[in-house]
Each structure stands twice: as structure tokens, then as C-alpha cells.
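Each chain, written out:
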Amino acid sequence: MNDVLIDTAGAVRVITLNRPERLNALNTDLLAALNDAFAAVADEPAVRAVLLTGAGRGFCAGADLMQGLGSGETIDLGAMIDEFYNPLVRRMRGLDKPIICAVNGIAAGAGMNLALAGDIIIAARSATFTQAFIRIGLMPDAGGTYFLPRLVGDARARAMAMLGETMNAEHAVALGLVWKLFDDEVFATEALTIATNLAAQPRHSLAAMKHAFNAAAGNTLDAQLDLERDLQRNLGQTADFAEGVQAFLQKRPAVFKG
Ligand code: T3D
């Protein structure tokens, strides 16, 4: 059985974590396949948006605690992070296409932080989130200490990491981690609808937004204003901008080709 399922629905690449019997816990095979999946998508112009979700009742239960980690011997987690987690987070953030993470169930530890590495998180009403690292004597990785304070503020990020509590999906929305919730029965359909809508948006706009939002975390206001100017200058030269304005003037829906 493939640890990661790859499907294409129109211009949407659907990537599904597929170890449902382990709540899609991240073993090395799955992590390698996930890295490959995101690397491949970068080179496929026909793919305009990515939908990442989980098979079964979980989104992702974090690192696979049965693979090596439970042997009782000390192991070099830094090497795992260098080989799999950090390249994956960099690939997701660096991808010039939007990634929507559809959290269909528990998102724990690195599984939660994987979702944070995407651009938009939606969740099924029954989904839960936990920075479970503390429970096994670790600390958040896969970008958790970077993303969380920026998303929810330093105080909440520290509490989430240090207490490792499980929060429900409503709480995650209230904290600003999740964009929208959907009832479980319609979740998969709604997720694909949003991804399809994203795939129809002007590709260069989305790529420029990702670039700008990524850069904002480390930029001064001055640097960010200059970056926005440069990116907008480029967007002003695109056919999609011309189409968007023409469509507005002609009172018709725009058709973006990118
Ligand atoms: O590699 C590195 O560099 C280290 C990095 C670590 C980053 C991390 O992600 S640390 C956090 C690791 N994750 C966890 O600590 C979560 C462990 N899992 C749980 O606490 C619970 O399973 C859940 C709260 C997620 C869900 O509970 P529940 O009751 O809904 O389900 P369950 O019965 O516990 O799990 C179902 C099955 O999935 C079960 O298998 P079984 O007994 O039916 O054969 C369980 O063992 C398995 N499973 C769940 N999580 C993991 C897992 N198997 C391997 N690894 C897991 N993380």
C-alpha cells in the first residue's frame, strides 16, 4: 500500500497521507514520499493548487513512535529532521502554488505543524489539534516554534507547546489557526471545492502573495513595502491582470490563464 496517495482533480493535486491504521503517523517511507510529492508538484505547470489531507479518521498523529523511536536507544533526531522534516517544510513554504491543508481528524505533533506549513487550514468539525511533543519529552519541530507564535501570539504558542493540551476544532478557529470548519459528512467535498476555487485564481498573484507573506516574517516594514512594489510591478505586466480589469469593465467573470 502506498503511504501517500497522489490524485489529480482538474488543476488540483490531492496528496493524501495514507497510513490510516496508524492515524497517518510519519514514518520514513511516508516522509520520503511526501517530500517527493511536493518536489514533483513544483515542476508541473498544470497543477495550480495542492490539497493535503489524511486517509481515515486522522490527519496525522505526528512522528511514527513505533519506527525506531521506541527502541529505548538514543537516536539522532536531528538527522531525521535534516533528512525529512526540514526539507519538507521548506518545500511547502517555497512552493509557488497554494497549499490547502484539510485536517480531517487528529493533527498531533509534527502532524499539526505540517498543516501549519501550508497556506490555508480548514478542518472537519471533529478534528483536534495538539502539540504533543511535550508528552514524549521533545519540543515542537517542523517549524512549530516559528509558525505558532506568528499565528496565535507568543503566550498562546508557549502554552500550547508546554502544556500539550488537545484543542478542538472550534478552539483552533477561535485562535486563528484554522480558516473554516465544515461538518464531517461534507468535509472532503468542501475541501476540494475550495482547492478548485484556488486553482482557478491567477497563478502569479498567488505565487507573489506566498513570496510576500513568507518574507514578511523577517522583513522590516520598509523592506516589505519595497518587496510589495516589486512584486506588484511584475503582476501589472501579466495577462491575468489585463484579463481581470477587462472582465470588470465588461461586467463578466474573469478567466485567468496564468
Ligand atoms: O522523528 C523525529 O525527528 C522526532 C519528531 C517528533 C515529532 C512528533 O511528532 S512528536 C509527537 C508524536 N505523536 C504523538 O505523541 C501522538 C501519539 N498518539 C496519540 O497520542 C494518540 O494515538 C492520539 C491522541 C493521536 C489518538 O488517540 P486515539 O485514542 O484516537 O487513537 P489510538 O488508539 O491511540 O491510535 C490508533 C492507532 O494508531 C493505534 O494503533 P493500534 O493500537 O490500534 O495498533 C496507535 O498505536 C497508532 N498511533 C497513533 N499515533 C501514533 C501511532 N502509531 C505510531 N506513531 C504514532 N505517533
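Our structure's up above, just so we're on the same page.
About the criteria used
- Residues numbered from 1 in each chain as written.
- Predicted model: local features only at pLDDT ≥ 70, side-chain atom pairs only at ≥ 80, totals over all residues.
- Heavy atoms only, no water.
- Core = buried A, V, L, I, M, F, W, Y, C linked by side-chain atoms within 4.5 Å.
- Buried < 20%, exposed > 50% of the residue type's maximum accessible area, 1.4 Å probe, protein only.
- Helix = DSSP H or I, 4+ residues; strand = E, 2+ residues; numbered from the N terminus.
- Contact = heavy atoms within 4.5 Å.
- Expected span 1.5 Å × (residues − 1).
- Near = heavy atom within 4 Å.
- Polar contact = N/O pair within 3.5 Å; in protein donor to acceptor, adjacent residues only side chain to side chain.
- Areas by Shrake-Rupley, 256 points an atom, 1.4 Å probe, with all protein chains shown as cover.
- Nonpolar A, V, L, I, M, F, W, Y, C, P; charged D, E, K, R; others polar.
- Lys, Arg positive; Asp, Glu negative; His and termini not counted.
- Salt bridge = Lys/Arg side-chain N within 4 Å of Asp/Glu carboxyl O.
- Phe/Tyr/Trp six-rings, centres within 6.5 Å; stacked < 30°, edge-to-face > 60°.
- Lys NZ or Arg CZ within 6 Å of the ring centre and 35° of its normal.
- Disulfide = S-S within 2.5 Å.
- Pairing = 2+ DSSP bridges.
- Axes fitted to C-alpha atoms, helices over the stretch in contact; angles between N-to-C directions.

With that out of the way, let us pick up the nonpolar core. Among the nonpolar cores identified, the biggest contains 49 residues, and Leu34, Phe38, Leu52, Met92, Val103, Phe129 and Leu177 are the most heavily contacted of them. Residue contributions to this core peak at six residues, all from helix α1 (residues 28-42). Every residue in contact with leucine 177, bar those within four places of it in the chain, is listed here: Met112, Leu116, Ile121, Leu148, Leu151, Val152, Met160, Met167 and Ala172. Core analysis: the next-biggest nonpolar cluster, separate from the first, contains 16 residues, Val14, Ala49, Ala102 and Ala195 among them.

Right, let's get into helix α7 (residues 184-199). With 16 residues, α7 extends 23 Å from end C-alpha to end C-alpha; this agrees with the ideal 22 Å at 1.5 Å per step. Of the residues making up α7, those classed as buried are Phe187, Ala191, Ile194, Ala195, Leu198 and Ala199. Tucked into the core, α7 has its buried residues touching β2 (12-17), β3 (49-54), β5 (99-103), β7 (120-124), β10 (180-182) and α8 (203-216).

Near the ligand lie 24 residues; those nearest to it are Arg22, Ala61, Ala63, Leu65 and Ala110. One of the side-chain nitrogen or oxygen atoms of arginine 22 is found 2.8 Å away from an oxygen atom of the ligand. Between the ligand and arginine 57 there is a distance of 2.9 Å, counted from an oxygen atom to a side-chain nitrogen or oxygen. Considering the ligand on its own, with 1100 Å² of exposed area, one finds that the protein chains cover 70% of that surface. For the shell around the ligand, the element with the highest residue contribution is helix α2 (residues 77-94), accounting for four residues. Each residue belonging to the shell around the ligand can be placed in one class, and the counts come to 16 nonpolar, two polar and six charged.

Here aspartate 240 lies in helix α10 (residues 239-249). The buried charged residue aspartate 240 lacks any salt bridge, with arginine 48 as its nearest oppositely charged partner at 4.8 Å. A distance of 3.1 Å separates a polar atom in the side chain of aspartate 240 from the backbone nitrogen of glycine 258. Setting aside residues no more than four positions away along its own chain, aspartate 240 makes contact with Pro202, Arg203, Phe256, Lys257 and Gly258.

Scanning the model with the defined rule gives one aromatic pair in all. Taking 5.6 Å as the distance between ring centres and 85 degrees as the angle between the ring planes, the aromatic pair formed by tyrosine 146 and phenylalanine 147 counts as edge-to-face. Of the residues examined, tyrosine 146 reaches a relative accessible area of 37% and is grouped as partly exposed. Sitting above the plane of the tyrosine 146 ring, arginine 150 keeps its charged end 3.7 Å from the centroid.

Under the counting rule described, the total for this entry stands at ten salt bridges. Between aspartate 119 and lysine 210 there is a salt bridge, with its nearest N and O atoms 2.9 Å apart. Here the residue aspartate 119 occupies a position in the loop between α3 (110-116) and β7, and lysine 210 occupies one in helix α8, the gap between them amounting to 91 residues. Two residues, aspartate 226 and arginine 229, come together in a salt bridge whose shortest N-O distance is 3.4 Å. With a gap of three residues between them, aspartate 226 and arginine 229 both fall in helix α9 (residues 221-235), about one helical turn apart. Taken together, the salt bridges that share partners define one network made up of Asp226, Arg229, Asp230 and Arg233.

The subject of this paragraph is the state of the cysteines. Per the counting criterion, the structure on display carries zero disulfides. The closest cysteine sulfur to the non-disulfide-bonded cysteine 101 is located on cysteine 60, 11 Å from its own sulfur. Residue cysteine 101 is classed as buried on the basis of its relative accessible area of 0%.

Attention shifts here to the sheet that holds strand β4 (residues 58-60). In a beta sheet, neighbouring strands pair by backbone hydrogen bonds and run either parallel or antiparallel. Taken in spatial order, the four strands line up as β4-β6-β8-β9 in an open sheet, and their pairing is mixed. Every interior strand has two partners, whereas the edge strands, β4 and β9 (166-168), have only one. Direction aside, neighbouring strands of the sheet carry axes that sit 20 degrees apart on average. As paired strands, β4 and strand β6 (residues 106-108) are joined by two bridges and run parallel to one another. Pairing of glycine 58 across the sheet is with isoleucine 106, part of β6.

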